[in-house]
Amino acid sequence: MIRAIAEGRPHVASGEVGYHVLDVMLSAEESAASGEFVTVNSSVSEVPVVPADFDPLARTV
Amino acid sequence: MPASGTAQDVLDHPGVQVVVNLTIPAVHAEVSSAAIAAGKHVWTEKPLGLDRESTAALLTAADEAGLRVGCAPDTVLGAGVQTAKRAIVDGLIGRPLFAQTSMQWQGPEVFHPNPAFLFAKGAGPLLDIGPYYFTTLVSLFGTVDKVAAMGLKAREEREILVGPNAGQTFPVGPPSTISVLTQFEGGQTGTSLVSFDSPLARQGVVEIHGTEGSLVVPDPNTFEGRIAYVRPFAAFGEAPRSRSGSRSRRPVRSPAAAWACWT
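Figured I'd write up the structure that's included with this text. Just so we're clear, the structure is a prediction, and the values are computed from it rather than from any experiment.

Attention now goes to the sheet that holds strand 11 (residues 213–217) of chain B. A sheet is described by the order of its strands in space; here 8 strands give the open sequence 1(A)-5(B)-8(B)-9(B)-4(B)-10(B)-11(B)-12(B), paired in mixed fashion. Whereas interior strands pair on both sides, the edge strands pair on one side only; in this sheet they are strand 1 (38–39) of chain A together with strand 12 (228–230) of chain B. One ladder, built from 7 bridges, connects strand 8 (residues 177–184) of chain B with strand 9 (residues 189–195) of chain B; its direction is antiparallel. Across the sheet, Thr177 of chain B pairs through a bridge with Ser195 of chain B, a residue of strand 9 of chain B. Lying on the sheet, helix 2 (residues 15–34) of chain A is in contact with strand 1 of chain A together with strand 5 (144–152) and strand 8 of chain B; it crosses strand 5 of chain B at an angle near 50 degrees. Contacting strand 4 (96–104), strand 5, strand 8, strand 9 and strand 10 (202–210) of chain B, helix 5 (residues 124–141) of chain B crosses the sheet at an angle of about 160 degrees to strand 9 of chain B.

Now for the sheet that holds strand 2 (residues 41–44) of chain B. All names here are of chain B. Here 3 strands make up an open sheet; going across it, the order is 1-2-3 and the pairing parallel. Every interior strand has two partners, whereas the edge strands, strand 1 (18–21) and strand 3 (69–71), have only one. Pairwise comparison of adjacent strand axes, ignoring direction, gives a mean angle of 15 degrees for this sheet. Where strand 2 and strand 3 come together, 3 bridges link them in parallel fashion. Within strand 3, the residue paired with Thr44 across the bridge is Cys71.

With that settled, the discussion passes to helix 3 (residues 52–65) of chain B. Under the 1.5 Å per step criterion, the end-to-end length of helix 3 of chain B is 20 Å for 14 residues, consistent within 8% with the ideal 20 Å. Inspection of helix 3 of chain B places Thr55, Leu58, Leu59 and Ala62 of chain B among the buried residues, and these make up the whole buried set. Viewed along the axis of helix 3 of chain B, the buried residues span an arc of 90 degrees, placing them on a single side of the element. Opposite the buried face of helix 3 of chain B, at more than 90 degrees from it, the exposed residues are Glu53, Thr60 and Glu64 of chain B. For helix 3 of chain B, the elements touching its buried residues are helix 2 of chain A together with helix 2 (28–37) and strand 3 of chain B. After helix 3 of chain B finishes, the residue Gly66 of chain B shows a positive phi value of roughly 70 degrees.

So, on to the pairing of strand 2 of chain B. Residue and element names in this part refer to chain B. Neither face of strand 2 is left uncovered, since the one carrying His41 and Trp43 and the one carrying Val42 and Thr44 both have all their residues buried. With helix 2 bridging strand 1 and its parallel neighbour strand 2, the resulting β-α-β unit is right-handed. One crossover worth recording links strand 2 to the parallel strand 3 by way of helix 3, and it is right-handed.

Parameters and conventions
Residues numbered from 1 in each chain as written. Chains lettered and ligands numbered in written order. Predicted model: local features only at pLDDT ≥ 70, side-chain atom pairs only at ≥ 80, totals over all residues. Pairing = 2+ DSSP bridges. Helix = DSSP H or I, 4+ residues; strand = E, 2+ residues; numbered from the N terminus. Contact = placed C-beta atoms within 7 Å. Axes fitted to C-alpha atoms, helices over the stretch in contact; angles between N-to-C directions. Expected span 1.5 Å × (residues − 1). Buried ≥ 20, exposed ≤ 12 C-beta atoms within 10 Å, placed from the backbone. Arc of directions from axis to C-beta. Right-handed = clockwise from strand over helix to strand, strands pointing away.

Here it is, written out as structure tokens:
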């Protein structure tokens, strides 16, 4: 995320994805409680692929 | 380490640009929101929050302030899930159809001396471990449109098994076993089991099945591992058929490079 900030691009493990995953899990709890299908209201933009040459050990700051 | 102190000291420190939020789930959204209000970017442990309202408010506040919110698990950025994603994008398994995931075992009280919080509201196997599996599926398939689930609890109360409080009991909040069906916007479906009630341990199961092949993805609670690719038979008893067309016969573009990143 720090590298994405420095490079002015979106980061991949985003709050948007985190929110959608939470929404899915809460919807699952609600479905289990109600016995009904639950429509998930949030959505995510396409989650990008991490470049193959990404080096997680590279110094970021 | 140049400085230490309380959470408030972190927020007040002018040199801090990014706050890493490793608090308990019940205060994730609150602590992250305080960091945003203090003008800091936030990286937070999973889950992002425990309810839609406060979690959405956190993201809105960050957007308005021009600040970033990042959320665990970042294991999906590792070679395992990324190699699977590149393979899918490259068409290795054709059109992705469905996924199966499984995380089942008898539960964390076998090793944890204070396990009650792992069974309380905001945890249970779904919110505690589920983020690894559902973040993987969302990373591979995209938006989930609809879910159905069934849950149960083996017991309403469980017993602490190790440590100084062994023998004490604690209540179970959310289901300790839950099966979740997911319908994705792209047409794929998913079947996901998470359970703290299973004597048989089977964790890290992520399988992606498509028209031209299946992928066995490594445990999404780790950064890497072996990937298996299974091709369909041309006919029963014959060798697996090659993938249609020469374009798609090239190997997966990048697993070697991706694995090299992590070794």
